[in-house]
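Here is what each chain is made of, one letter per residue.
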4 protein chains.
Amino acid sequence: MTEEVQRARRLPRAVRERQILDAAVQVFSRYGYHTASMDEISEVAGVSKPMIYTYLGSKEDLFAKCIRREATRLLEAIQDGVKPELPPDMQLWHGLRSFYRFVADFRESWTVLHRQALTVGGEFAAEITAMRTRAIELVAALVVNAGARKGLAEQAEFSGEGLSAALVGAAESLADWALDHPDVSDGVLASWLMNLVWLGFNDLVEGDVWKPTA
Amino acid sequence: MTEEVQRARRLPRAVRERQILDAAVQVFSRYGYHTASMDEISEVAGVSKPMIYTYLGSKEDLFAKCIRREATRLLEAIQDGVKPELPPDMQLWHGLRSFYRFVADFRESWTVLHRQALTVGGEFAAEITAMRTRAIELVAALVVNAGARKGLAEQAEFSGEGLSAALVGAAESLADWALDHPDVSDGVLASWLMNLVWLGFNDLVEGDVWKPTA
Amino acid sequence: MTEEVQRARRLPRAVRERQILDAAVQVFSRYGYHTASMDEISEVAGVSKPMIYTYLGSKEDLFAKCIRREATRLLEAIQDGVKPELPPDMQLWHGLRSFYRFVADFRESWTVLHRQALTVGGEFAAEITAMRTRAIELVAALVVNAGARKGLAEQAEFSGEGLSAALVGAAESLADWALDHPDVSDGVLASWLMNLVWLGFNDLVEGDVWKPTA
Amino acid sequence: MTEEVQRARRLPRAVRERQILDAAVQVFSRYGYHTASMDEISEVAGVSKPMIYTYLGSKEDLFAKCIRREATRLLEAIQDGVKPELPPDMQLWHGLRSFYRFVADFRESWTVLHRQALTVGGEFAAEITAMRTRAIELVAALVVNAGARKGLAEQAEFSGEGLSAALVGAAESLADWALDHPDVSDGVLASWLMNLVWLGFNDLVEGDVWKPTA
DNA sequence: GATGAATGAGTCTTCATTCAT
DNA sequence: AATGAATGAAGACTCATTCAT
């Protein structure tokens, strides 16, 4: 037998689980939860269907495990990028860079998280929402809290929760856009968003742009 | 036969089509494209399945027609709200108000457009993207063009297309948030977004808030 | 198209349901609940599988409906045979004759009821037990009550419930035996059982009980 | 390694086989042949699945071996109880007592033999029938032969084989009933059955037969 | 114009069984 | 001797879609 085949046989469980999850993320990201078939996942994984069920459970279980693994990866990637010793705007910028780098490096992970996780409904939506919330808290705490400290919370023109939702939406939407424009670097993407949310259009129009300082 | 039954029978085609589309939007918005069943749509519409196929084609056709009808409605609602004689920021604010009013008034339309249209993939994604593009062009032209006129287009810190995508994402995300907070008026939602994109966090933190002037 | 095919197409629901139940009883009786496949039932019924699910529900539902229909048939057959104006022993004899006639005429019904219903467990066992109980009450009331009236209930040598169970078991077991001996008439079968249990009961009723002597 | 683990490893084949058979009887009796899974049996036995196949063959083989072992046990238990020096009725009574004691002591054995063996069909049915036959011959020979000697075999009202079948059925059915009434002793159960069938046979042997009168 | 009746095709899931170590 | 790893085969169930009336 060739070494190739040797390598693929009788692997320890942990390795197989990773293989399967990798294949599942790939297939789910391409076809979406409903259209994806366990048959295709097993083919891509190079593993028979029963293994999937033995190791990872039902299709829904499998999807949940994909979502959780990729979400954890994403959050860790962002957290690793943030540098707490820097001023708030730079922290935000670094966080965003990490985010866009992750999206570029792991398109499929991002697609599964952003696009496909919504299509199942119910339990997953809740999980995804929780992650979005954690994400926004992680990244936007800097900004929103800054505002809150100044008593903005009382003004109708301001709402931490609402603005957070908007900010996350903006970042995600730009990430999608970036998927079709791979030539734009993560630093630039992060800068655009900074200019939008940090300075606002008004300042932009005045020629006042935000730039990273460190 | 009673008049009740009479009314349900032998209706002109246009009326039947509307009935069916209404039911389809309702069911698609609740369950999503894949989980929705033609059986349920026909039940909700009070029409047998063969009628649906005769009048509106396959499930995919039906979904496409839902998307198109609701997208048209949304765009018209926004366009009706914009007042070209006002200054750019007020135009933007009015456009956003109309948008949020529409989302509140026609939850199902919005849900189908925003959430469910993504789950099908391929052909629909393109169509939806086209509509988002039209939307962003319609609403954000004001801002972007203003910036462009000042030569911002040449700076790496600025990208009309990218920022537009971000802006639309922010507006959509806030719309979703608003679905769970029906007590927040469309005017307030629009103001929040104005403060985010028009002034930026920086000005906000300085206590400088944007307010509608007309 | 031939008339044969004509007859098989577009039948009203009630007719199809009967066809399917007939086929199901046949297949279940031959293979048992677990080994029987919906595919085979649909083939035997001359109907596609979806029809079965549409009309009669899941495999378990289908089986339950078989059991209930056949049980009802059996009980009715027995009830029709009993002649209340006759003395108790003759009533019992006629009831048994009807029972054995039914078993001979509808082997499959009997097989499903007696053999296969036990194999599913849980819900069905209860239902079958209820029917056995009704059966024994129906047929053996004559005998047992006769005994009870004479104060037998107080004796350890007697137990209405236990003896009823034994009697039913005897009748069923003889029915199974009869399936392999179709030449023995229902009248003879009934007589055998009468001689086994009636003479026994008769002595019992007279207060003549058997007791161990060593 | 601990002694505990030591004890579980490298056991002589005979011991392993017994372990497995014990587990199999337990699982088969609880779930029935089809619903029982080899996985569960191997778990209960504390042995890996390949061992089962190596030692005892396929699922069907395993089941057959269960049946045979338990049937042998049952027959031996009954035989041990019978005392050939006593008169026929007492022999019968002792045999029945042994039977009911076995059923009470080894519920699972009895359940597998009586309930589950029927659900497989074909080959097993034959085997079980053979055992029932041996059982009836063993226990009822006394009675039936007594009758046969008196020339009863020629009468339509009598049939050794048929009555035997009925008698076995009665005994089995009462055994099932006894499973739900553990407070009734084996002696009482045996007495009930004696009263049902012995007094009946007794009259039969005396030539006193019941005949329909109308 | 309108529909009850009917199905082909495909999906998830399970289980007995066997390698390779 | 013993087992974790692996799968072929099969079964229940569903759904978009179309006749025949």
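Residues numbered from 1 in each chain as written. Chains lettered and ligands numbered in written order. Predicted model: local features only at pLDDT ≥ 70, side-chain atom pairs only at ≥ 80, totals over all residues. Heavy atoms only, no water.

Before going further, it helps to spend a moment on the overall build of chain A. Each helix and strand in chain A was counted, giving 10 helices and zero strands. Of the regular secondary structure in chain A, the N- to C-terminal order runs α-α-α-α-α-α-α-α-α-α. Taken across its 214 residues, chain A has 52% of its residues classed as buried. When contacts within chain A are restricted to residue pairs at least 6 apart in sequence, long-range pairs at least 24 apart make up 65% of them. Approximately 10,000 Å² of chain A is accessible, and the part contributed by carbon and sulfur atoms is 51%. (Helix = DSSP H or I, 4+ residues; strand = E, 2+ residues; numbered from the N terminus. Buried < 20%, exposed > 50% of the residue type's maximum accessible area, 1.4 Å probe, protein only. Contact = heavy atoms within 4.5 Å. Areas by Shrake-Rupley, 256 points an atom, 1.4 Å probe, with all protein chains shown as cover.)

UniProt records the feature "DNA-binding region" (unreviewed entry) for residues 37–56 of chain A in the present numbering. Between the end C-alpha atoms of residues 37–56 of chain A there is a gap of 15 Å, over a span that is 80% helix and 0% strand. (UniProt positions renumbered as here; feature names shortened; annotations may be inferred.)

This paragraph deals with the protein's contact with DNA strand F. Around DNA strand F sit 35 residues in total, of which A:R10, A:P50, B:K49, C:R10 and C:K49 are the nearest. The sugar-phosphate backbone supplies 58% of the atoms of DNA strand F found within 4 Å of the protein. A:R16 has a polar side-chain atom sitting 2.8 Å from a phosphate oxygen of DNA strand F. Mapped onto the surface near DNA strand F, the elements with two or more residues apiece are helix 2 (13–31) and helix 4 (49–56) of chain A, helix 4 (49–56) of chain B, helix 4 (49–56) of chain C together with helix 4 (49–56) of chain D. Taken together, the residues that form the surface near DNA strand F break down as 18 nonpolar, six polar and 11 charged. (Near = heavy atom within 4 Å. Polar contact = N/O pair within 3.5 Å; in protein donor to acceptor, adjacent residues only side chain to side chain. Nonpolar A, V, L, I, M, F, W, Y, C, P; charged D, E, K, R; others polar.)

Checked against the element boundaries, C:E43 lands in helix 3 (residues 38–45). On a C-alpha basis, the gap between C:E43 and C:A23 in space is 8.6 Å, while along the polypeptide they are 20 residues apart.

All right, on to the packing of helix 4 of chain C against helix 5 (residues 59–81) of chain C then. Between two packed helices, what matters for the description is the angle formed by their axes and the separation of those axes. Residues and elements named next belong to chain C. Here helix 4 crosses helix 5 at 65 degrees, and the two axes come no closer than 9 Å. Considering the angle they form, helix 4 stands roughly perpendicular to helix 5. Classified by chirality, the crossing of helix 5 by helix 4 is left-handed. For the pair helix 4 and helix 5, contact is made by I52, Y53 and L56 and by K59, D61, L62 and K65, respectively. Residues that form the contact of helix 4 with helix 5 fall into these classes: four nonpolar, no polar and three charged. (Axes fitted to C-alpha atoms, helices over the stretch in contact; angles between N-to-C directions. Parallel < 35°, antiparallel > 145°, perpendicular 65-115°, else oblique. Left-handed = near helix turned anticlockwise from the far one by under 90°.)

Before going further, it helps to examine the confidence of the model for chain A. When pLDDT is averaged along chain A, the result is 82; 77% of the residues meet or exceed 70. In the model, residues 1–7 of chain A has pLDDT below 50 throughout and makes two contacts with residues more than four positions away in sequence or in other chains. (pLDDT = per-residue confidence, 0-100.)

So, on to the side chain of D:Q91. With respect to the helices, strands and loops of the structure, D:Q91 is situated in helix 6 (residues 88–105). At 3.1 Å, the side chain of D:Q91 and the backbone oxygen of D:P84 are in polar contact.

Turning our attention to the packing of helix 2 (residues 13–31) of chain D against helix 7 (residues 107–114) of chain D. All names here are of chain D. The geometry of helix 2 relative to helix 7 is characterised by a closest axis approach of 8 Å and an angle of 60 degrees between their N-to-C directions. The orientation of helix 2 with respect to helix 7, classified from their angle, is oblique. The interaxial crossing formed by helix 2 with helix 7 has left-handed handedness. Within the contact between the two elements, helix 2 uses V25, Q26, F28 and S29 and helix 7 uses E108, S109, T111 and V112. Partitioning the contact of helix 2 with helix 7 into residue classes produces three nonpolar, four polar and one charged.

This brings us to the pattern of salt bridges. Using the criterion set out here, one finds 32 salt bridges over all chains in the structure. Across the pair A:E17 and A:R13 runs a salt bridge whose closest N-O atoms are separated by 2.9 Å. Remark: A:R13 and A:E17 occur in helix 2; sequence separation between them is four residues, near one turn of the helix. A salt bridge links C:R69 to C:E70, with the nearest nitrogen and oxygen atoms 3.1 Å apart. (Salt bridge = Lys/Arg side-chain N within 4 Å of Asp/Glu carboxyl O.)

Let us look at the nonpolar core. One broad rule of soluble globular proteins: the nonpolar side chains tend to lie buried together. Within the largest apolar cluster, 125 residues are counted, with the highest numbers of intra-cluster contacts made by A:F28, A:L62, B:F28 and B:L62. The element best represented in this core is helix 9 (residues 160–179) of chain B, accounting for 12 residues. Residues in contact with A:L62, not counting those within four places in the same chain, are A:I20, A:L21, A:A24, A:F28, A:M38, A:I41, A:I52 and A:L56. Grouped together as the second largest cluster of nonpolar side chains are 124 residues, C:I52, C:L86, D:Y100 and D:A170 included. (Core = buried A, V, L, I, M, F, W, Y, C linked by side-chain atoms within 4.5 Å.)

Time to look at the packing of aromatic side chains. Residues and elements named next belong to chain A. Enumeration according to the criterion identifies 28 aromatic pairs over all chains in this entry. Each member of the aromatic cluster is reached from another via a ring pair, and the members are F28, Y33 and F63. The ring of Y33 carries the charged tip of K59 above its face, separated from the ring centre by 4.8 Å. (Phe/Tyr/Trp six-rings, centres within 6.5 Å; stacked < 30°, edge-to-face > 60°. Lys NZ or Arg CZ within 6 Å of the ring centre and 35° of its normal.)

Over its 18 residues, helix 6 (residues 88–105) of chain A extends 26 Å from the first C-alpha to the last, a length consistent with the 26 Å expected when each residue adds 1.5 Å. For helix 6 of chain A, the buried fraction is high: 13 of the 18 residues fall into the buried class. (Expected span 1.5 Å × (residues − 1).)

For the rest of this paragraph, the subject is the side chain of A:S29. Along the chain, A:S29 falls in helix 2. Sequence-distant contacts of A:S29, defined by excluding residues within four places in its chain, comprise A:A24, A:E108, A:T111, A:V112 and A:Q116.

All names here are of chain C. Mapped onto the elements, V27 comes out in helix 2 (residues 13–31). Using a relative accessible area of 0% as the deciding quantity, one classes V27 as buried. In this structure the C-alpha to C-alpha distance between V27 and E108, which are 81 residues apart in sequence, comes to 8.8 Å. If sequence neighbours within four positions are ignored, V27 has contacts with G32, A36, E40, I41 and V44.

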